[in-house]
Amino acid sequence: MISAILFISFFIFLILGIPIGICLGLSSICAILYSGTSLTIVATNMYSGISKFLLLAIPFFVLSGNIMAKAGISTRLIRFVDTCVGHRKGGIANVCIIVACFFGAISGSSRATVAAIGGIMYPEMVKRGYPSDYSTAVQAVGGTLGIIIPPSIVFVIYGNITGTSISLLLLAGVVPGVLCAAALCGLAYIIARRRSYEVDQMFSWRGLGQSFLRSVFALLMPLIILGGIYAGICTPTESSAITSLYGAIVCFVAYHDLTFKSFCKVLESTAVSVSTLMLLVVTAQVVGFLFTYYSIPTTVANFFLEHVASKTGFILITIAIMVLCGMFLDTSANNLILGPIFSPIAAMYGMDPVHFGLIFVFLLALGQATPPFGTCLFVSCTLNNDTFSDVVRESFPFMITELACIILFAFVPGLSTWLPGMMQG
């Protein structure tokens, strides 16, 4: 009954339009009041949830992403990638997807990735003869990779609420993220050939060299983040702080794109974003306590063990549930509610926690591009004023491709555990 009150009240508050973080807190209070337990549990768990060193990575990753977004780094990245692949069939669509990976490796956020590259890539794609709705769809689907390519704020939150190593989760996203991006680029190439999209530029070694020099400092950022973690020099938290400092120095000294006034606006934007994220984290801590206290994961796990005999069946059911939930719930809600439930069940089926975490977050990423409530679709459509239904139709082949990649990663664990295994070894 307490579980029912917790979930039903959450969805009621969500339907009323209350922010997700507050929904989690209010539904927890409803469940606690019904059980007769003291409300001091709320304050205690919120404090324990926020007082963790690892969570400092969130504000620093958000800050580094905002610095790069405001300083025109996305423009430099786009020009560099365009000189590399823009002369091929479907090249400009590939530019959009590849730059989304690069920018995701800076910001750790899908919505920030779509917002940063959408305003630049959309007019360029339309200028080169690509349909408006197709251009918008490519940006939306490419943006979903923002939470897979490390650093990923979603990986940090998932690792915090499930007890999975954040360093290993970040490394687990590298190979699958690159492979999925390659698959999406391949699909864009096939579509360009079938629709006979023209190429209006030639490859130039001189142009490649010039664009590389202009963007070299931005290209180094992912190497700094992953290199420090992979080499064991610093933790994800320390790496995020170093990246923020490096980004600020580059934008002030090398690119001269930031002023003191614009930097203050960056700090303000970061504070707003981080406060929202941390509210989600602390209220999720209370929900997680209730899950554990009332044995909700155990109950769900017993149900799975009784009715699903194999790990293969569990994986397929998990994918189906996550795709369905991704169609109607925000990424944060799915991560904070379903993560603590599915993670221990996966362990009971013998799945590596890092491998399952990668699959889980990848499904969260896919949910950002699935109608009717895909956040990346909404951001992209809003930026470009395109009809939602037309964009969904164009994005459907890309979503199927991304889902096929997820199924591949689910049944070939080595693709996600190889790099973390090397670090542990």
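Residues numbered from 1 in each chain as written. Predicted model: local features only at pLDDT ≥ 70, side-chain atom pairs only at ≥ 80, totals over all residues. Heavy atoms only, no water.

Undergrad: Summarise the pattern of salt bridges; cite the residues concerned and give the values.
TA: All chains considered together, the criterion is met by 4 salt bridges. For E394, the salt bridge goes to R195, with nearest N and O atoms at 3.0 Å. Placement of the pair is E394 in helix α20 (residues 388-411) and R195 in helix α11 (residues 174-195), with a sequence separation of 199 residues. For E394, a relative accessible area of 10% corresponds to the buried category. Look at R195 and you get partly exposed, because its relative accessible area is 38%. In this structure, R393 engages D390 in a salt bridge whose closest nitrogen and oxygen atoms are separated by 3.1 Å. Linking R393 with D390, this pair stays in helix α20, spanning 3 residues, or about one helical turn. When salt bridges with common partners are traced through the structure, they connect D133, D390 and R393 into a single cluster. (Salt bridge = Lys/Arg side-chain N within 4 Å of Asp/Glu carboxyl O. Helix = DSSP H or I, 4+ residues; strand = E, 2+ residues; numbered from the N terminus. Buried < 20%, exposed > 50% of the residue type's maximum accessible area, 1.4 Å probe, protein only.)

Undergrad: Quick one: what's the story with unusual backbone geometry, residue by residue and with numbers?
TA: The residue S196 is not glycine, and still its phi comes out positive at about 60°. You can see S196 is positioned in the loop between α11 and α12 (205-230).

Undergrad: Summarise the packing of aromatic side chains; cite the residues concerned and give the values.
TA: According to the stated counting rule, one finds 16 aromatic pairs in the structure shown. A ring pair is formed by Y130 and Y134, whose centres lie 6.0 Å apart and whose planes are at 10°; its orientation type is stacked. Summarising the burial analysis for this pair, Y130 and Y134 share the class buried. With centroids separated by 6.1 Å and ring planes inclined at 40°, the aromatic side chains of F356 and F360 adopt a geometry described as tilted. Highlighted residues: F356 and F360, both in helix α18 (residues 353-367), separated by 4 residues, approximately one helical turn. When sorted by exposure, F356 lands in the same class as F360, which is buried. (Phe/Tyr/Trp six-rings, centres within 6.5 Å; stacked < 30°, edge-to-face > 60°.)

Undergrad: Help me get a handle on the side chain of S27, residues and values and all.
TA: Mapped onto the secondary structure, S27 falls in helix α2 (residues 20-35). A polar atom in the side chain of S27 sits 3.0 Å from the backbone oxygen of L24. Apart from the residues within four sequence positions on either side, S27 is in contact with L6, S9, F10 and F13. (Polar contact = N/O pair within 3.5 Å; in protein donor to acceptor, adjacent residues only side chain to side chain. Contact = heavy atoms within 4.5 Å.)

Undergrad: Before we move on, could you go through a nonpolar patch on the surface and cite the residues and values that matter?
TA: There is a patch of nonpolar side chains on the surface, built from L316, I407, L408, F411 and V412 and spanning about 390 Å² of accessible area. A total of 3 residues in the nonpolar patch trace back to one element, the largest contributor, which is α20. Here F411 lies in helix α20. (Patch = residues over 30% accessible without salt bridge, like charges linked within 9 Å, V, L, I, M, F, W, Y side chains within 5 Å. Areas by Shrake-Rupley, 256 points an atom, 1.4 Å probe, with all protein chains shown as cover.)

Undergrad: Please set out the packing of helix α9 (residues 153-162) against helix α14 (residues 260-293) residue by residue, giving values where relevant.
TA: Direction vectors running N to C along α9 and α14 enclose 20°, while the axes themselves pass 11 Å from each other. Here α9 lies roughly parallel to α14, going by the angle between them. Pair α9 / α14 crosses with right-handed handedness. When α9 is examined against α14, the residues I153, I157 and N160 are found in contact with a partner set consisting of L277, V281 and Q285. (Axes fitted to C-alpha atoms, helices over the stretch in contact; angles between N-to-C directions. Parallel < 35°, antiparallel > 145°, perpendicular 65-115°, else oblique. Left-handed = near helix turned anticlockwise from the far one by under 90°.)

Undergrad: Talk me through the packing of α11 against α20; I want residue IDs and the actual numbers.
TA: The contact between α11 and α20 brings their axes to 10 Å, and the two run at 145°. Crossing hand, α11 versus α20: right-handed. Taking contact as the criterion, the partners of P176, L179, C180, A183, L184, L187, A188, I191 and R195 in α11 are, on α20, E394, P397, F398, T401, E402, C405 and F409. Within the contact of α11 with α20, the residues separate by chemical class into 12 nonpolar, 1 polar and 3 charged. (Nonpolar A, V, L, I, M, F, W, Y, C, P; charged D, E, K, R; others polar.)

Undergrad: An account of the nonpolar core is requested, with residue identities and associated values reported.
TA: The biggest cluster of nonpolar side chains holds 127 residues, and the ones touching the most others in it are L24, I58, Y134, F314 and F398. For this core, the element with the most residues is α14, which contributes 12 residues. When sequence neighbours within four positions are dropped, the list of residues in contact with I58 reads I153, V156, I157, L277, M278 and V281. With 8 residues, the next largest nonpolar core counts C376, L377, C381 and V392 among its residues. (Core = buried A, V, L, I, M, F, W, Y, C linked by side-chain atoms within 4.5 Å.)

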